[in-house]
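Okay, here's what each chain looks like letter by letter:
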Amino acid sequence: MSTTRTILICSGKGGVGKTTTTANLGIALARRGASTVVLDADFGLRNLDLLLGLENRIVYTAQEVLAETCRLEQALVKHKQEPNLALLPAGNPRMLEWLTPKDMQAIVALLEERFDYVLIDCPAGIEDGFKNAAAAAREAVVVTTPEVAAVRDADRVIGLLNTQGVSPVQLVLNRVRPKMMSTQEMLSVDDVTDILALPLLGLVFEDEQVIVSTNRGEPLTLGPANSPASQAYTNIAGRLQGEDIPLMDPAKARQGLRAKMRRLMQTKIF
């Protein structure tokens with residue numbers, strides 16, 4: 001039996017940071033010495049290559065691998081700065097018309113022979129794209145934000161994962177804003193975990209550097225952990241590997257920001 005961990009990175013609602021999580025988590029695991037492949041299963045809207053800065057290096061895709069017109073080794077794109085990470089790009093959007101769960105299982109089976117971790121970037125929603133991707137997964141990470149619509153959609157996805165026997169299913173709460181949580185303008189961490197009833201794998205605080213890194217095609221986890229989101233993704237990778245890393249407390253994060261602002265305001269400028 002394969003010891004590879006095949007993890008579906010999914011969400012109910014689009015735009016909650018699922019692909020960003022896949023890219024940064026892939027880099028973080030690779031930097032920790034794990035051979036990792038990220039599989040772009042979003043054949044309709046492929047973006048994982050852009051976030052990794054690999055869009056100009058794609059020659060073959062999963063489509064050619066399935067059609068046996070190229071070898072898996074030819075389709076895999078090694079990351080320029082992190083040799084432990086590879087990308088298997090999504091194929092043509094027309095693949096959605098004929099791709100089946102068995103096709104996805106066949107692709108993942110090939111990847112499991114070569115890598116320690118297979119991260120599947122799943123399409124948002126609960127349509128055929130989700131069902132195909134989930135059929136190949138052994139475990140899942142559900143990404144959501146502390147918004148009512150996103151949490152409701154995540155709950156539907158969790159129900160489907162449970163019926164398919166995917167386990168464990170863990171939660172990453174993205175774009176956490178401590179100030180809005182403290183004023184009850186945003187769902188709290190406890191609100192979300194109570195509704196979804198999932199173990200919390202990580203909190204990712206709102207961070208402008210995520211937008212900058214996404215536009216540059218340079219995941220935050222490629223550089224030093226000098227941003228809250230970068231540290232969060234690194235911590236998530238550590239927890240996946242079994243390390244006991246405490247979760248960041250939004251209330252303490254808010255206090256830390258206030259203290260930093262006070263220090264800055266008290267600094268004398270000569």
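Residues numbered from 1 in each chain as written. Predicted model: local features only at pLDDT ≥ 70, side-chain atom pairs only at ≥ 80, totals over all residues. Heavy atoms only, no water.

Caption draft 1: Up close: the nonpolar core. In terms of nonpolar packing, the biggest core is built from 50 residues, with Leu8, Leu88, Leu111, Ile120 and Leu161 touching the most fellow members. Setting aside residues up to four positions removed in sequence, Ile120 forms contacts with Thr6, Ile7, Leu8, Ile9, Leu39, Ala41, Val108, Ala133, Ala136 and Ala137. If you look at the next biggest cluster of nonpolar residues, it comprises 36 residues, including Leu25, Ala30, Tyr233 and Ala237. (Core = buried A, V, L, I, M, F, W, Y, C linked by side-chain atoms within 4.5 Å. Buried < 20%, exposed > 50% of the residue type's maximum accessible area, 1.4 Å probe, protein only. Contact = heavy atoms within 4.5 Å.)

Caption draft 2: Layout of the sheet that holds strand S6 (residues 139-144). With mixed pairing, 8 strands are arranged side by side in an open sheet as S3-S4-S2-S5-S1-S6-S7-S8. In the strand order of this sheet, the two ends are held by strand S3 (77-78) and strand S8 (200-205), each with one partner. Two elements, strand S2 (residues 36-40) and strand S4 (residues 85-88), share 4 bridges in a ladder whose sense is parallel. Paired with Val37 across the strands is Ala86, a residue of S4. Docked against the sheet, helix H1 (residues 18-31) engages strand S1 (5-10), S2, S4, strand S5 (117-121) and S6, running at close to 165° with respect to S5. (Pairing = 2+ DSSP bridges. Helix = DSSP H or I, 4+ residues; strand = E, 2+ residues; numbered from the N terminus. Axes fitted to C-alpha atoms, helices over the stretch in contact; angles between N-to-C directions.)

Caption draft 3: Quick look at unusual backbone geometry. Residues Ser167 and Pro168 are joined by a peptide bond in cis, for which omega reads 0°. Looking at where Pro168 falls in the secondary structure, it is placed in the loop between helix H7 (148-163) and strand S7 (169-176). A positive phi angle is found at Arg175, which is not glycine, with a value near 55°. Structurally, Arg175 is set in strand S7. Of note, Ala197 is a non-glycine position whose phi angle comes to about 55°, a positive value. Structurally, the position occupied by Ala197 is in the loop between helix H9 (189-196) and S8. A relative accessible area of 62% places Ala197 in the exposed class.

By themselves, these observations are geometric and do not establish any function.
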